[in-house]
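Residue-level structural notes
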Amino acid sequence: MENEYFPAADAGAVIVAAGRGSRMGTKESKQFLMLEDKPIIVHTLAVFDRHPLIGEIVLVTGAQDVDRCKAWIAEYGFTKQIKVIPGGAERQHSVYQGLAELSAPWVLVHDGVRPFVTSREITSCYKAAVEHGASVLAVPVKDTVKQVNAEGYVTATPDRRSLWAIQTPQAFRRSDLLLAHKQAESEGFTGTDDASLVERMGKAVKVIEGGYHNIKITTPEDLGIAESMLRRMNESKEGEDVS
Ligand SMILES: Nc1ccn([C@@H]2O[C@H](COP(=O)(O)OP(=O)(O)OP(=O)(O)O)[C@@H](O)[C@H]2O)c(=O)n1
Ligand SMILES: C[C@](O)(CO)[C@H](O)COP(=O)(O)O
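We now turn to the structure provided with this report. Just so it is clear, the model here is predicted, and its values are computed rather than measured.

1. With respect to empty space enclosed by the protein
In this structure the tally under the stated criterion is 1 cavity of 30 Å³ or more. In this structure, the largest cavity spans a volume of roughly 30 Å³. Along its surface, the largest cavity is lined by Ile41, Val42, Leu45, Leu59, Cys69, Trp72, Ile73 and Phe78. Counting residues per element, the ones that place at least two in the lining of the largest cavity are helix H1 (40-50) and helix H2 (66-75). Residues that form the lining of the largest cavity fall into these classes: 8 nonpolar, no polar and no charged.

Laid out in structure tokens, this is it:
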């Protein structure tokens, strides 16, 4: 799939995995919990390692976890050079550290705890960024969303047709994202995703419809969902082998 229009040298991935997973509440950081036979982060890295349009990968993790991540990378036989570096106190800081290690002109930022992203979704997100300047994967929200004040009263019910739940990867020109991070830092702004920093610079971000399978493993119930998703994926692969 790598071709003259999309050489692998043009795209790099920053995979962030330096969080503490406070909402998961486990002693072990959630990105290192086992999903079937492998740590979650290994499942996530494998999707990017296999992707033909991604040339560089930087894994950002806790300073105390760098060595064991390097050991897993060796153990699982990834084919690409994966740099492992320590992150920062907030997700935004971790992404920034990762960006500084990349040289490719395009970057895809991905949460280490979204192991179910597909190769096709990575391609769609990257190609949309090249076409539109920046892009994010997302799904339309299924629930009615209400804005609620500090006293617990509803203040607004935004039209659901305009609401999307934003996922990763999020893809940008690396120079744009670096500038957006520097500007946010200098203005004391912390966002929950990278697109919000680029949006603040007045740049358009294209939303690409992804899938509801691309969950972010955040709370304990997500682990059960992830296990059953993986089991079903493996069963359907076994079915393919038999036929
Ligand atoms: N300082 C941080 C915080 C988060 N992340 C990463 O950003 C991704 C999405 O963040 P989230 O799900 O919020 O992870 P945590 O911050 O670990 O979770 P929590 O907010 O429950 O503590 C995760 O892969 C997480 O490891 C990071 O690299 N550096
Ligand atoms: C970037 C992100 O995955 C988009 O949904 C998300 O905002 C990051 O997670 P967090 O829990 O808000 O840190």
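2. Some points on helix H5 (residues 174-186)
For H5, built from 13 residues, the straight-helix expectation of 18 Å at 1.5 Å per residue is met to within 8% by its first-to-last C-alpha distance of 18 Å. Of all the positions in H5, only Asp176, Leu177, Leu178, Ala180, His181 and Ala184 are classed as buried. Contact partners of the buried residues in H5: helix H3 (91-99), strand E6 (106-111), strand E10 (164-173) and helix H6 (195-200). Count one or two residues on from H5 and you reach Gly188, which has phi positive near 70°.

3. Let's talk about the site of ligand 1
Gly21, Ser22, Lys30, Ser94 and Lys216 are the nearest of the 19 residues found near ligand 1. Here an oxygen atom of ligand 1 sits 3.3 Å away from a polar atom, N or O, in the main chain of Gly112. Within the side chain of Lys216, a nitrogen or oxygen atom sits 2.7 Å from an oxygen atom of ligand 1. With the chains in place, 88% of the 560 Å² that ligand 1 exposes on its own is no longer accessible. Comparing atom positions with the cavity grids shows ligand 1 to sit within the largest pocket. Of all the elements in the fold, those that place two or more residues in the shell around ligand 1 are strand E1 (11-17) and H3.

Parameters and conventions
Residues numbered from 1 in each chain as written. Chains lettered and ligands numbered in written order. Predicted model: local features only at pLDDT ≥ 70, side-chain atom pairs only at ≥ 80, totals over all residues. Heavy atoms only, no water. 1 Å grid on protein atoms, 1.4 Å probe; cavity = no way out; pocket = protein on both sides within 12 Å on 5 of 7 lines; lining within 4 Å. Points joined across faces, edges and corners; volume = space filled by probe spheres on them. Helix = DSSP H or I, 4+ residues; strand = E, 2+ residues; numbered from the N terminus. Nonpolar A, V, L, I, M, F, W, Y, C, P; charged D, E, K, R; others polar. Expected span 1.5 Å × (residues − 1). Buried < 20%, exposed > 50% of the residue type's maximum accessible area, 1.4 Å probe, protein only. Contact = heavy atoms within 4.5 Å. Near = heavy atom within 4 Å. Polar contact = N/O pair within 3.5 Å; in protein donor to acceptor, adjacent residues only side chain to side chain. Areas by Shrake-Rupley, 256 points an atom, 1.4 Å probe, with all protein chains shown as cover. Sits in = over half its atoms within 2 Å of the grid points.

All quantities given are derived from atomic positions and should not be read as evidence of function.
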